[in-house]
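So the chains spell out like this:
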Amino acid sequence: MIDIHSHILPALDDGAQDWGDALALARAAVAEGIETIIATPHHANGEYHNDARTISHAVQAMNERLAAEGIALTVQAGQEIRVHDDLLDAWARGDLLTLAGSRHILIELPTSRIPRGVLELLHELKLMNLSPIIAHPERNAEIVSHPERMAELVAAGAYGQVTTHSLLGAFGKRIEQASWKLCRSGLIHLVSSDAHHVSKRGFLLQESYRQVNRLLGDNFELFFRKNAEAILYNRDIVSHPPIAQNETIWVKLAKILRKS
Ligand SMILES: [Fe+2]
């Protein structure tokens, strides 16, 4: 399995605090069947900066340590980039990283709202041939109350990544329900752990795929797995999930907006 969003690198953000934490996460990942993890330390979220150079060095050190410890896991570089006014300048300065060197880039919204100017930002990123993925939209209060806002972001060319813990109820019933609703509405394209700590916030990727299979079917599980692979190999993300039989209003809206 491939996990595209994690905080496994030691001492860079609120994820792994030291090598002990990082290696415990790595061992847990392997035990679940994860072979490749994209490390996505926070950038510009008000607390952490983590520019591209810092992350690339940390990834190299992590892979060396994994090899020395005999842990069969590969870590790729990425970044969880908070939407902020300086984002495009930060890109121009070379401070930002895409996911595993692909054209896909992980963007984080604040938890309470969708900032003004996000649609314009998505447009700019698309013009730069970047493919923006919104990290855990199910944890954004405005999207939970108004899923049509996520449809607007998807129509503008963004993709959605739901977090395993949200799907499995660890963030409460409301976020759990919002997660499955967004999946069923075709507004989620990827499942990922956003792992921070081996026991407090681990992976649960295998369990989440099992639950996706149970509740949404084989095709949905395959759709999510293939899209994680697409990121690693820099292919296009499949934008429409296998829900043609039961297409919801939000997918229709996203398609209409995408055409206009
Ligand atoms: Fe994260």
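Residues numbered from 1 in each chain as written. Predicted model: local features only at pLDDT ≥ 70, side-chain atom pairs only at ≥ 80, totals over all residues. Heavy atoms only, no water.

### Digging into the packing of helix H8 (residues 173–184) against helix H9 (residues 205–216)
Filter applied, for reference: Simply put, an axis is a line fit to the C-alpha atoms, just over the touching stretch for a helix, and the angle between two N-to-C directions goes from 0 to 180 degrees. Helix and strand assignments follow DSSP, with helices taken as H or I runs no shorter than four residues and strands as E runs no shorter than two, numbered in order from the N terminus. A clockwise turn of the near helix away from the far one marks a right-handed crossing, whereas an anticlockwise turn of less than a right angle marks a left-handed crossing. Residue contacts are defined here by distance: any two heavy atoms, one from each residue, within 4.5 Å place the two residues in contact. Residue classes follow a fixed rule: Ala, Val, Leu, Ile, Met, Phe, Trp, Tyr, Cys and Pro count as nonpolar, while Asp, Glu, Lys and Arg count as charged, and any other residue, Gly among them, counts as polar.
Across the interface, H8 lies against H9 with an axial gap of 12 Å and an inter-helix angle of 65°. Note on packing geometry: the crossing formed by H8 with H9 is right-handed. Residues Trp180, Cys183 and Arg184 of H8 form the contact with H9, whose own contacting residues are Gln211, Val212, Leu215 and Leu216. Split by residue class, the contact of H8 with H9 holds five nonpolar, one polar and one charged.

### Section: the pairing of strand E8 (residues 159–163)
As a reminder of what qualifies: Residue burial is assigned from relative accessible area. The probe radius is 1.4 Å, only protein chains are included, and a residue is buried under 20% of its type maximum, exposed over 50%, and partly exposed in between. A pair of strands is considered paired only if DSSP assigns at least 2 bridges between the two.
Burial runs high along E8: five of the five residues are buried. Because side chains alternate across E8, one face comprises the buried residues Tyr159, Gln161 and Thr163, and the other comprises Gly160 and Val162, equally buried. As paired strands, strand E7 (residues 131–135) and E8 are joined by three bridges and run parallel to one another. Across the sheet, the residue bridging to Ile134 is Gly160, located in E8.

### Things to note about unusual backbone geometry
Of note, the phi angle at Ala11 is positive, near 60°, even though the residue is not glycine. Inspection of the secondary structure assignment puts Ala11 in the loop between strand E1 (2–6) and helix H1 (19–32). Overall, the relative accessible area of 55% leaves Ala11 in the exposed class. Phi is positive for Ala100, close to 50°, though the residue is something other than glycine. Inspection of the secondary structure assignment puts Ala100 in the loop between helix H3 (87–93) and strand E6 (104–108).

### Here's the deal with H9
Since one α-helical turn is 3.6 residues long, residues separated by three or four positions face the same way. What counts is decided by this rule: The span you would expect from a helix comes to 1.5 Å times its residue count less one. Each C-beta atom gives one direction from the helix axis, and the arc is the one those directions make.
The end-to-end C-alpha separation of H9 is 16 Å, in line with the 16 Å expected for 12 residues at 1.5 Å each. Looking only at H9, the buried set comprises Leu205, Ser208, Tyr209, Val212 and Leu216. An end-on view of H9 places all buried positions within 100° of arc, on one side of the element. Just downstream of H9, Gly217 is the residue with a positive phi angle, here 105°.

### Points about the environment of Leu187
Here Leu187 is to be found in the loop between H8 and strand E9 (190–192). For Leu187 and Val154, which are 33 residues apart along the polypeptide, the C-alpha to C-alpha distance reads 6.8 Å.

### Considering the pattern of salt bridges
Short version of the rule: Each salt bridge in this description consists of a side-chain nitrogen of Lys or Arg and a carboxyl oxygen of Asp or Glu lying within 4 Å of one another.
Following the criterion strictly, the structure yields 11 salt bridges and no others. In this structure, the salt-bridge partner of Asp236 is Arg103, at a minimum N-O distance of 2.4 Å. With Asp236 in the loop between helix H10 (218–232) and helix H11 (249–259) and Arg103 in the loop between H3 and E6, this residue pair connects regions lying 133 residues apart in the sequence. We note a salt bridge from Glu221 to Arg225, for which the minimum N-O separation is 2.8 Å. With Glu221 and Arg225 both in helix H10, this residue pair falls four residues apart, about one helical turn.

### Structural notes on the nonpolar core
Nonpolar side chains in soluble globular proteins generally cluster together in the buried interior. Applicable threshold: Here, nonpolar core refers to any group of buried Ala, Val, Leu, Ile, Met, Phe, Trp, Tyr and Cys residues whose side-chain atoms link them within 4.5 Å.
By size, the foremost hydrophobic cluster in this structure holds 76 residues, and its most contacted members are Ile8, Leu9, Leu73, Val75, Leu153 and Phe224. In contact with Phe224, not counting residues within four places along its chain, are Cys183, Ile188, His189, Leu190, Val191, Tyr209 and Val212.

### Digging into the pairing of strand E4 (residues 74–77)
By the alternation rule, side chains of E4 split into Val75 and Ala77, which are all buried, and Thr74 and Gln76, of which none is buried. By the bridge criterion, four bridges tie strand E2 (residues 36–39) to E4 in an arrangement that is parallel. Looking at the pairing, Ile37 lines up with Val75 of E4.

### Structural notes on the sheet that holds E6
Reading across the sheet, the six strands line up as E3-E5-E6-E7-E8-E9 and stay open at both edges, with parallel pairing between neighbours. A strand with exactly one partner marks an edge of an open sheet, and here the two such strands are strand E3 (42–43) and E9. Pairing analysis gives four bridges linking E6 to E7, with the strands arranged parallel. Looking at E7, one finds that Ile107 is bridged to Ile134.

### Side note on the coordination of the iron ion
For the record, the criterion: Sites may look incomplete because water is not among the atoms; the donors themselves are N, O and S atoms within 2.8 Å of the metal, or within 3.2 Å for Na, K and Ca. A site with four donors is called tetrahedral when every donor-metal-donor angle falls between 85 and 135 degrees; four donors are called square planar, and six octahedral, when opposite donors sit more than 155 degrees apart and all other angles fall between 65 and 115; any other arrangement is irregular.
Protein coordination at the iron ion comes from His5 (NE2), His7 (NE2), Glu80 (OE) and Asp194 (OD), with a distance range of 2.1 Å. One can describe the donor arrangement at the iron ion as irregular, given that its four donor atoms subtend angles of 84 to 172° at the metal.

### Some details on the packing of aromatic side chains
Going by this rule: Stacked, tilted and edge-to-face are the three classes applied to pairs of Phe, Tyr and Trp rings, where Trp contributes its six-membered ring and a pair requires centres within 6.5 Å; stacked means planes under 30 degrees apart, edge-to-face means over 60, and tilted covers the rest. Whether a charge sits over a ring comes down to the Lys NZ or Arg CZ being within 6 Å of the ring centre and within 35 degrees of the ring normal.
Tallying each qualifying case throughout the model produces three aromatic pairs. Their ring planes at 90° and their centres at 6.0 Å tell us that Phe220 and Phe223 sit as a pair that is edge-to-face. In this pair, Phe220 and Phe223 are both assigned in helix H10, three residues apart and thus about one turn of the helix distant. Each member of the pair, Phe220 together with Phe223, is buried. Ring centres 5.3 Å apart and planes at 50° place the aromatic pair Phe223 and Phe224 in the tilted group. The pair formed by Phe223 and Phe224 is uniform in burial state, with each residue classed as buried. Aromatic ring contacts, followed pair by pair, group Phe220, Phe223 and Phe224 into a single cluster. Directly above the ring of Trp19 sits Arg65, whose terminal nitrogen or CZ lies 5.1 Å from the centroid. The ring centre of Phe171 lies 4.0 Å from the NZ or CZ of Arg139, which sits over that ring.

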